[in-house]
Amino acid sequence: AYERSNIIPREYRTTFNGNRLECTTDNGVYTNSDDNIEKFAKGSLLASSNAFDGIWQDGYRGIASLNNFLKDNRGYKSNYYINKNLNNLYRANLQGQAFALRGFYYWQLLQRWGGIGISSKKLLGVPLILDRLTVNDPIDQVRAPYLDIMKQIQADADSAMKYFPID
């Protein structure tokens, strides 16, 4: 789940899709003229191009990994260390991270693709997937209501806090 480089900040990431975000402004210059970030900065990005390509896919790939880890407490029931005390601390930490990351992914997706529907004028969320999808599941997932996504983000944050140590 941490490998989803387009959505997770690395060192509070100054890069996006491998490019410097500073280059989308006049603060920096990116020298790859074929890159979407460079085209965006120069005003030559086509409507068919997507400077943010990969975030939707990476977000849901990360969520799928986390759902797999969280399913039936699979990750929490795993043993990582022989020392029982250390093992309990480590797996609780991983469980907390999994909930926090899933909430973070939904927050990132909601920021980019949530909003007011053009025809419905209602707040739109994103598809809410809390289990790993199979090949038999429908490809087109419906958007959950905006408030349902917000409640899930809050629930994941609350769950994460239960697993992180106080000290």
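Residues numbered from 1 in each chain as written. Predicted model: local features only at pLDDT ≥ 70, side-chain atom pairs only at ≥ 80, totals over all residues. Heavy atoms only, no water.

We now examine the packing of aromatic side chains. Overall, the coordinates contain 9 aromatic pairs when judged by the stated rule. Arranged with centres 5.1 Å apart and planes meeting at 85 degrees, the rings of Trp56 and Trp113 form a pair that is edge-to-face. Of this pair, Trp56 sits in helix H2 (residues 55-70) while Trp113 sits in helix H4 (residues 84-113); the two residues are 57 residues apart in sequence, bridging distant segments of the chain. A residue is classified by how much of its surface remains accessible, and Trp56, at 33% relative accessible area, is partly exposed. Centroid distance Tyr60 to Tyr106: 6.2 Å. Interplanar angle 80 degrees. Geometry classified as edge-to-face. Taken as a pair, Tyr60 in helix H2 and Tyr106 in helix H4 lie far apart in primary sequence, 46 residues in all. Clustering of aromatic rings is evident, with ring pairs tying together Trp56, Tyr60, Tyr106 and Trp113. Its end group placed over the ring of Tyr76, Arg91 keeps NZ or CZ at 5.0 Å from the ring centre. (Phe/Tyr/Trp six-rings, centres within 6.5 Å; stacked < 30°, edge-to-face > 60°. Helix = DSSP H or I, 4+ residues; strand = E, 2+ residues; numbered from the N terminus. Buried < 20%, exposed > 50% of the residue type's maximum accessible area, 1.4 Å probe, protein only. Lys NZ or Arg CZ within 6 Å of the ring centre and 35° of its normal.)

A word on H4. Its 30 residues give H4 an end-to-end C-alpha distance of 43 Å, which sits within 8% of 44 Å, the value for a rise of 1.5 Å per residue. The positive-phi residue at the C-terminal boundary of H4 is Gly115, with phi of around 140 degrees. (Expected span 1.5 Å × (residues − 1).)

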